[in-house]
Amino acid sequence: MATLGPSGRHIATELTRAATSIGANAEEAQDAQSRRDFIAKMCIARKEAREALYWLRLAKAMQSGGQQDFDWEINEAGELRAMIVAAVRTAQSHTSRGNPSTPRRLP
């Protein structure tokens, strides 16, 4: 395994921070107090997903060999971001979600 220089360590730290924030905010959104709260938390997850993609692209650009190793991760991160974007759009388009005055149907 190659050792990371200062730049590589910085990128790894930032990528770890952004990537773990995606999951933490998406998880927190699952117990949101309202639809608005859900959307806010998922929007933070969306921003962190974009940042994680940035760090992955930068890491790929700095890698002298094995750039194809990053392609899978970049693709997966892009798909994750697309799912988050879809969740936010769905939540924004359904005004009855999370509204306590709207009766819920039981299955």
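Residues numbered from 1 in each chain as written. Predicted model: local features only at pLDDT ≥ 70, side-chain atom pairs only at ≥ 80, totals over all residues. Heavy atoms only, no water.

Caption draft 1: The arrangement of the side chain of glutamate 14 in detail. Within the element layout of this structure, glutamate 14 appears in helix α1 (residues 6-29). Filtering out sequence-adjacent residues up to four positions away, glutamate 14 remains in contact with Glu51 and Trp55. (Helix = DSSP H or I, 4+ residues; strand = E, 2+ residues; numbered from the N terminus. Contact = heavy atoms within 4.5 Å.)

Caption draft 2: The packing of aromatic side chains, seen in detail. Counted according to the given criterion, the structure contains one aromatic pair. Summarising the aromatic geometry, the rings of tyrosine 54 and tryptophan 55 are spaced 4.9 Å apart at their centres and angled 70 degrees between planes, so their arrangement reads as edge-to-face. With a relative accessible area of 40%, tyrosine 54 lands in the partly exposed category. (Phe/Tyr/Trp six-rings, centres within 6.5 Å; stacked < 30°, edge-to-face > 60°. Buried < 20%, exposed > 50% of the residue type's maximum accessible area, 1.4 Å probe, protein only.)

Caption draft 3: Fine view of the pattern of salt bridges. Across all of its chains, the model carries six salt bridges by this definition. With a closest N to O distance of 3.6 Å, lysine 41 and glutamate 28 form a salt bridge. In this pair, lysine 41 sits in helix α2 (residues 35-62) while glutamate 28 sits in helix α1, placing the two residues 13 residues apart along the sequence. For aspartate 37, the salt bridge is made with lysine 41, and the minimal N-O distance between the two is 2.5 Å. (Salt bridge = Lys/Arg side-chain N within 4 Å of Asp/Glu carboxyl O.)

Caption draft 4: Molecular detail of a negative patch on the surface. Taken together, the side chains of Asp69, Glu73, Glu76 and Glu79 define an acidic patch exposed on the protein surface. Residue placement: glutamate 79 occurs in helix α3 (residues 68-93). Assessed through its relative accessible area of 40%, glutamate 79 is described here as partly exposed. (Patch = residues over 30% accessible without salt bridge, like charges linked within 9 Å, V, L, I, M, F, W, Y side chains within 5 Å. Areas by Shrake-Rupley, 256 points an atom, 1.4 Å probe, with all protein chains shown as cover. Lys, Arg positive; Asp, Glu negative; His and termini not counted. Charge placed at Lys NZ, Arg CZ, Asp CG, Glu CD.)

Caption draft 5: Focus on the nonpolar core. Core analysis: the biggest nonpolar cluster contains twelve residues, these being Ala18, Ile22, Ala29, Ile39, Met42, Cys43, Ala45, Ala49, Ala52, Ile84, Val88 and Ala91. Contributions of two or more residues to this core are made by α1, α2 and α3. Every residue in contact with alanine 45, bar those within four places of it in the chain, is listed here: Ile22, Asn25, Ala26 and Ile84. Counting eight residues, the second largest nonpolar core, distinct from the first, contains Leu53, Ala59, Phe70 and Ala77. (Core = buried A, V, L, I, M, F, W, Y, C linked by side-chain atoms within 4.5 Å.)

Caption draft 6: Region of the structure containing the packing of α1 against α2. Contact geometry of α1 with α2 gives a least axis separation of 8 Å together with a crossing angle of 155 degrees. By the angle class used here, α1 and α2 are roughly antiparallel. In the crossing of α1 with α2, the sense of the turn from one axis to the other is left-handed. Residues of the contact of α1 with α2, tallied by class, amount to 18 nonpolar, four polar and six charged. (Axes fitted to C-alpha atoms, helices over the stretch in contact; angles between N-to-C directions. Parallel < 35°, antiparallel > 145°, perpendicular 65-115°, else oblique. Left-handed = near helix turned anticlockwise from the far one by under 90°. Nonpolar A, V, L, I, M, F, W, Y, C, P; charged D, E, K, R; others polar.)

Caption draft 7: How the structure looks around the environment of threonine 16. On the secondary structure map, threonine 16 appears in helix α1. On the accessibility criterion, threonine 16 (48% relative accessible area) is partly exposed. A distance of 2.8 Å separates the side chain of threonine 16 from the backbone oxygen of alanine 12, its partner in a polar contact. (Polar contact = N/O pair within 3.5 Å; in protein donor to acceptor, adjacent residues only side chain to side chain.)

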